[in-house]
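If you want the building blocks of each chain, they are given just below.
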Amino acid sequence: MSTIEIKKGIHWVGTVDWNIRSFHGPAYHTQRGTSYNSYLILDEKITLVDFVDIHFVEEWIRKIQQIIDPSEIDYIIVNHIEPDHSGGFPKIMEYASNAKIFCSQKGKEGLMAHYPGEYRFEVVQTGDCIHLGERTIQFIEAPMLHWPDSMFTYIEEEKLLMPNDAFGQHIAFSKIFDDENDQCIVFEEAKKYYANILTPFSSLVVKKIEEIVKMGLEIDMIAPSHGVIWRSYPDKIIEKYMQWGKGESERKAVIVYDTMWNSTEKMANAIMEGLMSEGVDVRLYRSSITDTNDIITEILDAKAVLVASSVINRTMLPDVAYFLEELAGLKPKDKIGASFGSYGWSKGAVANIEKKMKEAGIKLVKEGLEINYVPMKEDLKVCFEYGKEIGKMI
Ligand code: FEO
């Protein structure tokens, strides 16, 4: 894929990774691949914004060379030092060793920790500006969105925000703009990204957007570091981030369960019927055969989370435990929930699930429901009513 001029004199020189299927180790599944977006600004001061993953450095350098000689780069802006972006840093410094590097204080520390060397750093803070010639660049620190070093770059004259990971999506593409791609997929992947990466920092997301609004920055394009560029829907994705950040939910419930001999599954189905009888939109997932990232994505805008398991060795089944470990780390905002499951000669699953749900910040609104061995007709009625009562609370 060639370079793309996204605004006059501003070129995408990123790379597309069609085959990556797992990010952050095994933690984030990228079924649609991803891209590492890097931008080259041609002005009196030639400026490079962000880099690419180490595996794509040669291709990236060739792209820059299609436009300029990399040794001509005057300024380098590092919005974020995670290796999927900073992987290209040592290579570009071989070409542009005199370039001035703009980054946050934490960015400088992180770069030095990853790539020790002698560089011309200029540490910037929110509100600091640099003039490239025709364009003015403003920096906005964004700590913990999603690393301590994270920073946004804003080009005033272009109304262009380059927020690195924020507003990104893990999508490989052949067309770079939001309106050239399937809108459902783009927003779905943006939602997945938010749910699985930014959820723990939701209050900071809201504050950052409010800060940007207060600064009066006009934004007509958002060019993130992963996925497509928002030129038609920048307002919509900002609005979505506000909703997700505030923990706004729909009348929706997510049931996550695993089952040994289908008894817990029967309970889950009856509880789902009860929820549905109250008009609640329900998602039902068996944790051992469903991608955890997809479940987390559905939880983002759900009000209720119900978690269930059969008992094994006095506790829950392993895939339920994995899911809950993820959830406890992410701590989704403002959810209610409950737990249930079948048991044989000893209990333990529901109590341990409840413990973990509390750790995830979920407010338990019903006592856990446990049924011995196989749920009979009367038991399933109890399950239905259980779901119905929770449905009334949503
Ligand atoms: Fe895409 Fe936080 O790196």
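**A look at the packing of aromatic side chains**
Summed over all chains, the structure comprises 16 aromatic pairs. Ring plane angle 40 degrees and centroid distance 5.8 Å describe the contact between F51 and F89, whose orientation is recorded as tilted. Remark: F89 occurs in helix α3 (residues 89-95) and F51 occurs in the loop between β8 (47-49) and α1 (57-67); sequence separation between them is 38 residues. The class of F89 is buried, set by a relative accessible area of 0%. Residues F187 and Y233 carry aromatic rings whose centres are separated by 6.1 Å and whose planes lie at 65 degrees to one another, so their mutual orientation is edge-to-face. Residue F187 is located in helix α5 (residues 183-198), and its partner Y233 is located in the loop between β16 (221-224) and α7 (234-246); the two are separated by 46 residues in the primary sequence. Note on F187: relative accessible area 11%, which makes it buried. Each member of the aromatic cluster is reached from another via a ring pair, and the members are F51, W60, F89, Y115, Y119 and F121.

**With respect to the environment of S2**
Note on placement: S2 falls in the segment before β1 (4-7). When its relative accessible area of 44% is taken as the criterion, S2 is described as partly exposed. A sequence separation of 231 residues divides S2 from Y233, and the C-alpha atoms of the two residues are 24 Å apart. When residues no more than four places from it in sequence are discounted, the contact partners of S2 are W12, K63 and Q66.

**Quick notes on the nonpolar core**
Counting residues in hydrophobic clusters, the biggest one holds 113 residues, and the most contacted among them are I6, L48, W60, I73, I76 and I92. The element contributing the most residues to this core is α5, with eight residues. Both of domain 1 (4-246) and domain 2 (253-393) provide at least three residues apiece to this core. With sequence-adjacent residues up to four places away left out, L48 is seen in contact with V13, S38, Y39, L40, W60, I64, I73, Y75, I76, I77 and I92.

**Quick notes on the sheet that holds strand β9 (residues 75-77)**
Spatially, the seven strands line up as an open sheet ordered β1-β2-β7-β8-β9-β10-β11, and their pairing is mixed. Here the strands that pair on one side only, and so sit at the sheet edges, are β1 and β11 (120-123). Along the sheet, successive strands turn relative to each other by an average axial angle of 25 degrees, direction set aside. By the bridge criterion, three bridges tie β9 to strand β10 (residues 100-103) in an arrangement that is parallel. Following the sheet pairing, I76 is matched in β10 by I101.

**Describing a nonpolar patch on the surface**
Taken together, W345, Y373, V374 and M376 make up a surface patch of nonpolar side chains, about 530 Å² in accessible area. Along the chain, M376 falls in the loop between β22 (369-372) and α12 (377-393).

**Concerning the sheet that holds strand β14 (residues 151-155)**
Across the sheet, five strands lie side by side as β12-β13-β14-β15-β16; this open sheet has mixed pairing. Bordering the open sheet on either side are β12 (129-131) and β16, each of which pairs with just one other strand. Strand-to-strand twist of the sheet, defined as the mean angle between neighbouring strand axes without regard to direction, takes the value 20 degrees.

**Thoughts on the pattern of salt bridges**
This structure, assessed with the given rule, holds 24 salt bridges. Of the charged contacts in the structure, one is a salt bridge between E158 and R135, with a shortest N-O distance of 2.8 Å. Of this pair, E158 sits in the loop between β14 and β15 (160-164) while R135 sits in the loop between β12 and β13 (136-141), and the two are 23 residues apart along the sequence. In this pair, the class of E158 matches that of R135, namely buried. The salt bridge involving D334 is made with K303; its shortest N-O contact spans 3.7 Å. Of this pair, D334 sits in the loop between α10 (318-330) and β20 (336-343) while K303 sits in strand β19 (residues 302-309), and the two are 31 residues apart along the sequence. Counted as one network, the salt bridges with shared partners bring together K191, K252, D281, R283, E298 and D301.

The rules behind the values
Counting of residues starts from 1 at the beginning of each chain's written sequence and follows it residue by residue. With pLDDT at 70 or above as the cut-off, local features in this predicted model cover only qualifying residues; side-chain atom pairs require 80 or more to be listed or tallied, and sums for whole chains, interfaces and linings still use all residues. With hydrogens and water excluded, all non-hydrogen atoms of the structure serve as input to the side-chain values. Between 30 and 60 degrees the pair is tilted, below 30 it is stacked and above 60 it is edge-to-face, where a pair is any two Phe, Tyr or Trp rings, Trp via its six-membered ring, whose centres lie within 6.5 Å. Labels follow the DSSP assignment, with helices taken as runs of H or I lasting at least four residues and strands as runs of E lasting at least two, numbered in each case from the N terminus. Summary of the burial criterion: residues with accessible area below 20% of their type's maximum are buried, those above 50% are exposed, and those between are partly exposed, where the area comes from a 1.4 Å probe applied to protein chains only. By definition in these notes, contact holds between two residues if any of their heavy atoms fall within 4.5 Å. Among the buried residues, those of types Ala, Val, Leu, Ile, Met, Phe, Trp, Tyr and Cys that are joined through side-chain atoms within 4.5 Å form a nonpolar core. Segmentation of the chain into domains, including their bounds, is taken from an automatic or database domain assignment. One bridge is not enough; two strands pair if DSSP finds at least two bridges between them. Helix axes are fitted only over the stretch in contact, all axes being lines through C-alpha atoms; the angle between N-to-C directions runs from 0 to 180 degrees. Grouping into patches uses exposed residues only, defined as over 30% relative accessible area, and leaves out salt-bridged ones; the cut-off is 9 Å for like charges and 5 Å for nonpolar side chains (Val, Leu, Ile, Met, Phe, Trp, Tyr). Only the protein chains shown count as cover for residues, and all accessible areas are computed by the Shrake-Rupley method using a 1.4 Å probe. Whenever a carboxyl oxygen of Asp or Glu lies within 4 Å of a side-chain nitrogen of Lys or Arg, that contact is scored as a salt bridge.

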